[in-house]
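The residues making up each chain are set out below.
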Amino acid sequence: MENKPKYSPSRVLDLYLFNSSWGPKEGEEEKKIVYFWPEDCPLDSKLKKVGLVEGVTIFSSKFSASPAEALHTLKQRTVFLEVEPGFFLCIAVSVPSTRKQDKDGETIEFHPEDVSDPVLVSLVRRSHQMFRLFQGGIVAALTRCGEKKPLLVGLVLHFYSRYLATLRIEDADITAVWGGIKYLALEALDFLRVQSLINRMKEEYKSIRRCLFLHSGQLVWSGVEPSETKLLVQYLSTTILPLLSTLSRQPCGSFLVGEEGSLPLVYIADETFHLAVFHAINTTLCILLESAPPKSFFSSFIETIGRDLGNLSADLTHVYTSKTRGPAGAQESISFLYFNSANLALKSTVDEGQEKSIKVGADFVDDLRRFGGGDGQVMAKLWTEEWVVVEVAGARTIVLILQDKNLNLMEVAEAVAKLEKTSFDSICML
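Note that this is a predicted model, so its numbers are computed, not measured.

### So, the overall build of the chain
Looking only at helices and strands, the chain has 10 helices and 19 strands in total. At 24 Å, the chain has a C-alpha radius of gyration in line with the 22 Å of a compact globule built from 430 residues. On the principal axes, the C-alpha backbone points of the chain span a range of 65 × 65 × 50 Å. Sequence-distant contacts in the chain: of pairs separated by 6 or more residues, those separated by 24 or more amount to 61%. Taken as two groups, the 46 positive and 54 negative side-chain charges of the chain have centres that lie 3 Å from each other.

The following block contains the structure:
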């Protein structure tokens, strides 16, 4: 009797940062390693992996002006990126596999098609962007450390040992490449209330320079450029907001970051800010201050802003709940991903278990971008009998998954047109 195959998803095997110029001489190779996880990996193994990436990059540079980014083997995939001059950040992940036990013993089948190089490259690039947000970059951090390399190594270790806990390789898909932001669209009057509260807050507390306003994890307003906004939203959604279930809720809200201990620094453009995070009901404020505030700031903020924010959050919760029910007439058999690269807006109704369909859609998006002049539409019926429809128009991309197995091509076109009318009527896809 055969057992059901056991699927093992991709997982992080190694994460390391090195600079070849730090250990150019024989016997000093260890010095080139700035960071390596897992820490208990034998030194010989660390040096072999670093040396392999060095060899691949040097060899590939002889044949192409574009740098190599990935190394494929049967059981693992290694992606590397020169994040700053001389500094290479590398990640190695396992290739997903299926173990099957039968009368002849155990067999293992690997699924390299389930690992995407662009997705991994995006995750590596994003991890460095997060380091740059909180440390200003490797070179800048080294300068602040007085060119003392051991101090930089400590900073890198402190950051990545914590960042690794938020890295979800098994869940990464095309949305990791996009780096989109989920927005909560409010009616004009509700948005005016949000803007009014933000203006009053900045007027009463002059040290507040910028802020982000999120409700139920979705962005309502940001005073920061989109490239930095997406990083701050990621920080909140992966590091701060998951802690809410372990904290007691206060009627007027409370500070999740800042009230106890020193405020972390963030580096945006050429400016440095102190970061505080305040939460009330279902609303989160990410506050950037030009200087560290006095202790009295926190209690005063709760008394003057906290109560009004709590009332506003309660009202917005009703709006948010209404919107998540979906538009009238929306078809439950259709899931979609929508992305606008102009403002990084991302919408998704994709359910768990549709990862392979999304990957097929991502391949179609890539094909349209590379070979179709950037715009176009693709419709395809998969081996699972599902339909995948991709539309790309300028900065906008929609990937739709139709789960009804009895549809023909004409019916698919009609279903897509109906969904677009209910969910994307205000969006031009020409």
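### Notes on the environment of Leu123
Inspection of the secondary structure puts Leu123 in helix H2 (residues 117-135). Separated by 54 residues in sequence, Leu123 and Val177 place their C-alpha atoms 7.7 Å apart.

### Focus: the side chain of Gln354
Within the secondary structure layout, Gln354 lies in the loop between strand S16 (345-348) and helix H9 (355-371). Reaching out from Gln354, the side chain makes a polar contact with the side chain of Ser335 at a distance of 3.3 Å. When sequence neighbours within four positions are dropped, the list of residues in contact with Gln354 reads Ser335, Glu386, Ile401 and Gln403.

### Notes on helix H1 (residues 43-61)
Compared with the 27 Å implied by 1.5 Å per residue over 19 residues, the 27 Å span of H1 between its first and last C-alpha is a close match. For H1, the set of buried residues is Lys46, Val50, Val53, Glu54, Val56, Thr57 and Ser60. Taken end-on, H1 shows its buried residues confined to a sector of 160°, consistent with a single buried face. Counted as exposed and oriented over 90 degrees from the buried face of H1: Asp44, Lys48, Ile58 and Phe59. Looking at the buried positions of H1, the neighbouring elements they touch are strand S2 (12-19), strand S3 (33-37), strand S4 (70-72), strand S5 (76-84) and strand S6 (87-94).

### A few points about unusual backbone geometry
Across the junction of Trp37 and Pro38, the peptide omega takes the value 10°, indicating a cis bond. On the secondary structure map, Pro38 appears in the loop between S3 and H1.

### A few points about the sheet that holds strand S17 (residues 376-381)
The strand order across the open sheet built from five strands is S16-S15-S19-S18-S17, with neighbouring strands paired in antiparallel fashion. Each having just a single partner strand, S16 and S17 make up the two edges of the open sheet. Taking each pair of neighbouring strands and ignoring which way they run, the sheet shows an average axis angle of 10°. H9 contacts strand S15 (334-340), S17, strand S18 (387-393) and strand S19 (396-402) of the sheet and is inclined by roughly 35° relative to S18.

### A word on the nonpolar core
Ranked by size, the top nonpolar core spans 75 residues in total, and within it Leu17, Ile91 and Tyr160 carry the most contacts. Of the residues forming this core, the biggest block, nine residues, is contributed by H2. Apart from residues no more than four positions distant in its own chain, Tyr160 is found in contact with Leu15, Tyr35, Leu89, Ser127, His128 and Phe131. Within the second largest apolar cluster, 30 residues are counted, among which are Val194, Ile208, Cys211 and Ala280.

### Examining the packing of H2 against helix H7 (residues 226-240)
Remark: H2 packs on H7, axes separated minimally by 10 Å, with the N-to-C direction vectors making an angle of 95°. In this view, H2 runs roughly perpendicular relative to H7, as classed from their interaxial angle. Where H2 approaches H7, its residues Arg126, Gln129, Met130, Leu133 and Phe134 are matched on the opposing element by Lys230, Leu231, Leu232, Gln234 and Tyr235. Its residues assigned to classes, the contact of H2 with H7 shows six nonpolar, two polar and two charged.

Quick notes on the rules
- Residues numbered from 1 in each chain as written.
- Predicted model: local features only at pLDDT ≥ 70, side-chain atom pairs only at ≥ 80, totals over all residues.
- Heavy atoms only, no water.
- Helix = DSSP H or I, 4+ residues; strand = E, 2+ residues; numbered from the N terminus.
- Rg over C-alpha atoms; globule rule 2.2 N^0.38 Å.
- Contact = heavy atoms within 4.5 Å.
- Lys, Arg positive; Asp, Glu negative; His and termini not counted.
- Charge placed at Lys NZ, Arg CZ, Asp CG, Glu CD.
- Polar contact = N/O pair within 3.5 Å; in protein donor to acceptor, adjacent residues only side chain to side chain.
- Expected span 1.5 Å × (residues − 1).
- Buried < 20%, exposed > 50% of the residue type's maximum accessible area, 1.4 Å probe, protein only.
- Arc of directions from axis to C-beta.
- Pairing = 2+ DSSP bridges.
- Axes fitted to C-alpha atoms, helices over the stretch in contact; angles between N-to-C directions.
- Core = buried A, V, L, I, M, F, W, Y, C linked by side-chain atoms within 4.5 Å.
- Parallel < 35°, antiparallel > 145°, perpendicular 65-115°, else oblique.
- Nonpolar A, V, L, I, M, F, W, Y, C, P; charged D, E, K, R; others polar.

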